[in-house]
Structures are given as C-alpha cells and as structure tokens.
Amino acid sequence: MNPAADSPGDRTGVLVVGAGPTGLTLAIDLARRGVPCHVVEARTERPVNPRCNTTSARSMEIFRRLGIADEIRRSGLPEDHPGSVQYRTTLRGEEIFRLDLPSAAQVLAGVGRDSWPTPEPQHRISQLFLEPILERHARGLPGLTLERGARLVALRQHADHVEAVVESGEHAGATRVLRCDHVVGCDGAHSAVRRQLGIRYQGVEAIQKFVSTFVRSPELGRMAARDRAWTYWTYGRRLASLIAIDGDELWLNHVAFAPDHDTDGEDPERLLREAVGGAVEHEVLGVVRWTGRQLVAERYHDGRVFLAGDAAHIWIPVGGFGMNAGIQDAATLGWMLAAVHHGWAPPDLLAAYESERKPVGEQFAGAVGAAARVSLADVSPDIHLTGPEGVRARAALADRLAVTEPHRYSPDGFSFGYHYAASPLVVGGEEQAAISMGGYEERARPGFRLPHTWLPDGRSVLDVLGPGFTLLRTDAGVDVGPWVEAARERNIPLAVADVPACRLDRYPTALLLVRPDQHVAWMGGVDAHPDELLQTVTGRVAARQR
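Anyway, here's the lowdown on the structure attached to this text. All of these numbers come straight from a predicted model, not from anything done at the bench. (Residues numbered from 1 in each chain as written. Predicted model: local features only at pLDDT ≥ 70, side-chain atom pairs only at ≥ 80, totals over all residues. Heavy atoms only, no water.)

## Details of the side chain of histidine 182
Part 1: With respect to the helices and strands, the residue histidine 182 is situated in strand E8 (residues 175–185).
Part 2: The class for histidine 182 is buried, based on a relative accessible area of 9%.
Part 3: When near neighbours in sequence (up to four residues on either side) are disregarded, histidine 182 contacts Gly13, Val14, Leu15, Arg304, Phe306, Leu337, Val340 and Leu350. (Helix = DSSP H or I, 4+ residues; strand = E, 2+ residues; numbered from the N terminus. Buried < 20%, exposed > 50% of the residue type's maximum accessible area, 1.4 Å probe, protein only. Contact = heavy atoms within 4.5 Å.)

## Some thoughts on the sheet that holds strand E12 (residues 250–257)
Whenever strands of a sheet pair, they do so through backbone hydrogen bonds, lying parallel or antiparallel.
Part 1: With mixed pairing, 8 strands are arranged side by side in an open sheet as E4-E3-E10-E11-E12-E9-E13-E16. The open sheet has two free edges, formed respectively by strand E4 (95–99) and strand E16 (313–315), since each of these has just one partner strand. Within this sheet the neighbouring strands show an average axis-to-axis angle of 25 degrees, counted without direction.
Part 2: Most of the contacts of helix H10 (residues 351–375) go to strand E13 (residues 283–297), to which it runs at about 125 degrees, and overall it touches strand E9 (201–216), strand E11 (239–244), E13 and E16. (Pairing = 2+ DSSP bridges. Axes fitted to C-alpha atoms, helices over the stretch in contact; angles between N-to-C directions.)

## Description of the environment of proline 102
Part 1: Take proline 102: it is sitting in the loop between E4 and helix H4 (104–108).
Part 2: Remark: the alpha-carbon pair of proline 102 and glycine 221, spanning 119 residues in sequence, is separated by 19 Å.

## Focus: the sheet that holds strand E19 (residues 511–514)
Part 1: The mixed open sheet is built from 4 strands, whose spatial order is E18-E17-E19-E20. Each end of this open sheet is capped by a strand with a single partner; those strands are strand E18 (494–498) and strand E20 (520–524). The sheet shows a mean angle of 20 degrees between the axes of neighbouring strands, direction not considered.
Part 2: As paired strands, E19 and E20 are joined by 4 bridges and run antiparallel to one another. Looking at E20, one finds that leucine 513 is bridged to tryptophan 522.

## Things to note about the side chain of glutamine 127
Part 1: In this structure, glutamine 127 sits in helix H5 (residues 127–139).
Part 2: In terms of polar contacts, glutamine 127 uses its side chain to reach the side chain of glutamate 131, at 2.6 Å. (Polar contact = N/O pair within 3.5 Å; in protein donor to acceptor, adjacent residues only side chain to side chain.)

Structure below.
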C-alpha cells in the first residue's frame, strides 16, 4: 500500500480524526480562531443507536460562545417537553420518586433566570440530533474541511510536522499523506490515533454491562404523554431507563447488568416488556450490548499528537459526562493550538493540555464510577408489593434516590467546579479538594471557569469575553494601559471589559485575567506586573507571582 504523491492541498494546520461531538466542537473552535483544519471520519453514516442524550450546562456555554446554543436548544425534544426524570416500579406501575426539571421552552423564556448559575442551563438532546447540527456548522466555516469515509492508517512524527497516512473509502487501498502541524485523535474508545501512539487506558475494565434497545413505538409515546418526562427509570427484573429521544415515538431502553453477566442471552423484547410492565407495540431499530468502564489514557499527548474525548477517557454513562468532558477537552485544546498556530504562544504551551485535562478526567472517572455504583445498586423487590409493605419499601427507595440522584441530573460541580488551579498557565492557584458532581462556588478563583452573572444590559458576563484573553475590571479607576501595551508588544489578543463593582462577592479583585476558554488565569490589582503575567499564562515563563 503506497501513499499517493503529495499535492498542495495535503498540508493543513490541524488534522482532527473523528467527527463526533468532541471532534466537531474542536474543529469549529479552531476554524473560528483562524486555524486551517481538516477532519477525517472513518464512518460514512452515523450509528443508528443514540448514545449521549444530554448536553451539560458547561457544554451549552461553550456552544453559546460558538454561536450555536439557541439552535441546539430548539432541537431534540419538543420545546415544551419537560426535562424531568421519573423513577417507577414499571412505566405502567407506581411512581417512586421524580426530579422535575424545566423544558427548553422555559429556559428560552428565561423562567427563573435570575437564580441560574449559568446563562445556558443543560439541555436534553440526543446525539442523533446534536451531531448533524455541529456538522452542518462545521461544513459552513472557511478553512475547515470535513471528509467522511476516510480512515487514518499511520502517523509519522517529525520535528516540525506530522505525516498522517489516510485511506479513502472511494478508492480501496489507495492512500495519501496529509502534512499537519498537529493531529488530534477524537476517534473514540477504539481510537486509531491512540493505538498509533501506543498509549493504553488505565482503570476499571467493567463496572456494569448494558443492553440498549432503540425502538419506534407510538404506543409508548401515547402512554408517556399522560405524565411526560425525559427519562423513566424502572425497577423490573433489572434496573432500566427508558429515554425519550424525540418526545414522541423514538425510545431508548438501557438495561443494566452485573459486570460478569452474559448479556448475549438477554432478549431485548423481554427487557422492554419488563421495563414497561407489559407488552407494547414497537419496532426495534437497533440493539447494542456494551460494557460501562472507568478508564483514562495514561497520556493525553505524544509530541505533536493529542487525544481528546473518548479517545482519552471512557466511563460509565450515568449522566452524559463522557461526551461533555470531551467538549471541555476541545475548548481547552482549541485555544492552545490556535495560540501556537498564530505565534503568540510557544509550542511548549501545549504541554499544559495534559497537565490540565488529565487530572480532570481522572477525577471525573472516579466520581462517575462511584455515582454509578450507588445509583445502579440493587433495590428491594418489596417495592412491587401492594399494601403497606410496598408503600414502605417505595418510600425507603425514594429517600435513597433523593440523596443520590439530584447531583447526577444537575451536576453543577462537573460543569462549574472543574478547574486548572495547578496548571503552569495559572497564577495564584491553590490546592483544591477533589472535583465532585455537586461542589462548586459562585466566586472567581484562579484556574476555575469565570462565574456567570447577568449584567445591567441583560448579557451574561461570559458574553463580554473576547476570543483571546480578556481583562475584566471591577474598578474603573484602575489603569489598564500597561496591560494593553504589554499584550500589543507580544501580539497577545487582549480585550478589556468593565463589570459592575457591586458583584465583589463574585469578582473580589480589581482585575481578573480570563483565558480564551473562559477560565480565570490570574486575579489581582494595581501592583501586578502585566508583562510577566502575560508571559506566564501563555507558557513563556514560569510563574513567579503568587
């Protein structure tokens, strides 16, 4: 198999391998930052079965920055469909517990917005509907090429570029060489990029096994319409979750089993009957038997090649955290690659990607694994009894669910509490407790995502941040001229924005330097040394200011 001769079109800035949510988000971000980007995807068609079915608040904030949050929020479930979660003996049986969560229409109308910790609450949308939106936006951006049916065959790293050998499905056996400044593997759990680098996963190989059945059933839609929810957890022979995909006739039935269970013998038709509590007319569209894991790659990069999304970490999907962590990976890596591409940061900056994102991946993996073991634990069969014994058993389970489930379905700690406090690109970061699903503070801290607040003009403070670095000023009397001059001398993109001084509880210093990914790089006042700080946060010198 011989690579074809090179052509002028074979050189690009960044090659993204994989056109799932992580790869598409990264490609869109890079293209918007003026970085030439080529995406290759081995599949010509998307998988039939839905995968992730929820988009976190932090992912929605990232999509807001990319200009596509509103379109995503108007897609997926009907706008008036609640995002609620119900726990029932079976779909036709007794209700045990529920989490009432808003619909997209309520969010778009701003119901309760003054109490939101974000301008973009989480959204229930299946990956079936999310990916086409991302792909359509990607294909419309200049400098971005997306090629389906193209498979990565080999990588060869050189001092100043990477050669990627790609095989196109149009001509079986014919390959060509793409010369790239950098390559990012966003190609999932079976990543060809990770295999080429010889990087292994580390962690727990099996937490639970699942049988997931995708069905079309208007009858299920009519049954659920009596009390609509996004997900119905049911406790038949096995714990199952029935997920509304389109709010009508498309449903996904996830059924959990012990990690040593042989799921090959499980009949999807029986599993659906057990979840519903009886037969229901339906058409099976797809069945997937899979294993929930807790794995993180031993390294996130090798030279000019990086891993993101499921290629870097996979864990049991008890809340969509895998896809959403991948989107966070993309937001961090995107600005770093752009900074190096445009020359306002040195290549050494890119080493910070692993030092920032790998600890987050490891802590997410541990927290998700622990949550899964609790949420998927066995329950007493007495919940199916009639009479006082059944009432008591269901009440006891409801008490348990009231503790374990709210943070799983409103994981503000994962959206707003993850951080890069120990990063070499952050000045003043302090040692932090382990990241948890529910733990975060609405107060600016070095390394953390800038807390949201609504400004007098109705915008979120996140909306005033520029595409590069932003210097937020809470005291209009502070002279920012030295900052502007230091940034200009080093060609570092820097915007300046004023925020009301009345929010000192949230922004407690006169100045806050915010990175392109909306994380705080430094906080302080008039005694700062702008030139040294800007060199530190762009990877040119080690931090000396604490």
